[in-house]
Amino acid sequence: MEREHARDRDIPPYRHRTLWVEEPARRPRMPDPVRTAAVRAVLMIAVTMVQAMVAALFTLGGSWLALPALLCTLASVVAATWAVLDVWVTRQVWRQRHGVVSVPSSSARAARELRRARRPRFP
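Values in this document were obtained by computation on a predicted structure and should not be read as measured data. (Residues numbered from 1 in each chain as written. Predicted model: local features only at pLDDT ≥ 70, side-chain atom pairs only at ≥ 80, totals over all residues. Heavy atoms only, no water.)

*Asks:* Quick question: what am I supposed to make of the packing of helix 2 (residues 32-61) against helix 3 (residues 66-97) here?
*Replies:* Helix-helix packing: each pair is described by the crossing angle between the helix axes and the interaxial distance. With their axes 8 Å apart at the nearest point, helix 2 and helix 3 run at an angle of 165° to one another. The orientation of helix 2 with respect to helix 3, classified from their angle, is roughly antiparallel. For the pair helix 2 and helix 3, the crossing hand works out as left-handed. Taken together, the residues of the contact of helix 2 with helix 3 sort by class into 22 nonpolar, six polar and three charged. (Axes fitted to C-alpha atoms, helices over the stretch in contact; angles between N-to-C directions. Helix = DSSP H or I, 4+ residues; strand = E, 2+ residues; numbered from the N terminus. Parallel < 35°, antiparallel > 145°, perpendicular 65-115°, else oblique. Left-handed = near helix turned anticlockwise from the far one by under 90°. Nonpolar A, V, L, I, M, F, W, Y, C, P; charged D, E, K, R; others polar.)

Following this line, the structure appears as structure tokens:
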């Protein structure tokens, strides 16, 4: 019995460790409207890729369903492109509404206000 205890002396005692360890995020989380648009775009892209694969398999198989599948795939490509543009527009709108100001525009605003202050005013 003492031999077993002697062998285990180099093993550190058990400490209570949680299964989930929180780590700080590398980037801040996307705003909810932007994340919703991004999820919608990813789903549209996934559906488009599946439809393209189905259309390709129908074409290789010589099925008459190849043409309708191809037309649906083309419509889906247009919708997926629209969804990606929606992510970009939603992101820009969120930035404008919630006051995320980039440095060049704010410095341009300050320069414009300085020029206005220097201008002579006529009564």
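*Asks:* Would you mind showing me how to read the nonpolar core here?
*Replies:* In summary, soluble globular proteins display a tendency toward joint burial of nonpolar side chains. Listed in full, the five residues of the largest apolar core are Ala37, Ala38, Ala41, Ala83 and Val87. Counting residues per element, the ones that place at least two in this core are helix 2 and helix 3. The dominant element in this core, judged by the number of residues it contributes, is helix 2, at three residues. In this view, Ala83 contacts Ala41 and Met44; residues no more than four positions away in its chain are not counted. (Core = buried A, V, L, I, M, F, W, Y, C linked by side-chain atoms within 4.5 Å. Buried < 20%, exposed > 50% of the residue type's maximum accessible area, 1.4 Å probe, protein only. Contact = heavy atoms within 4.5 Å.)

Nothing here speaks to function; it is geometry throughout.
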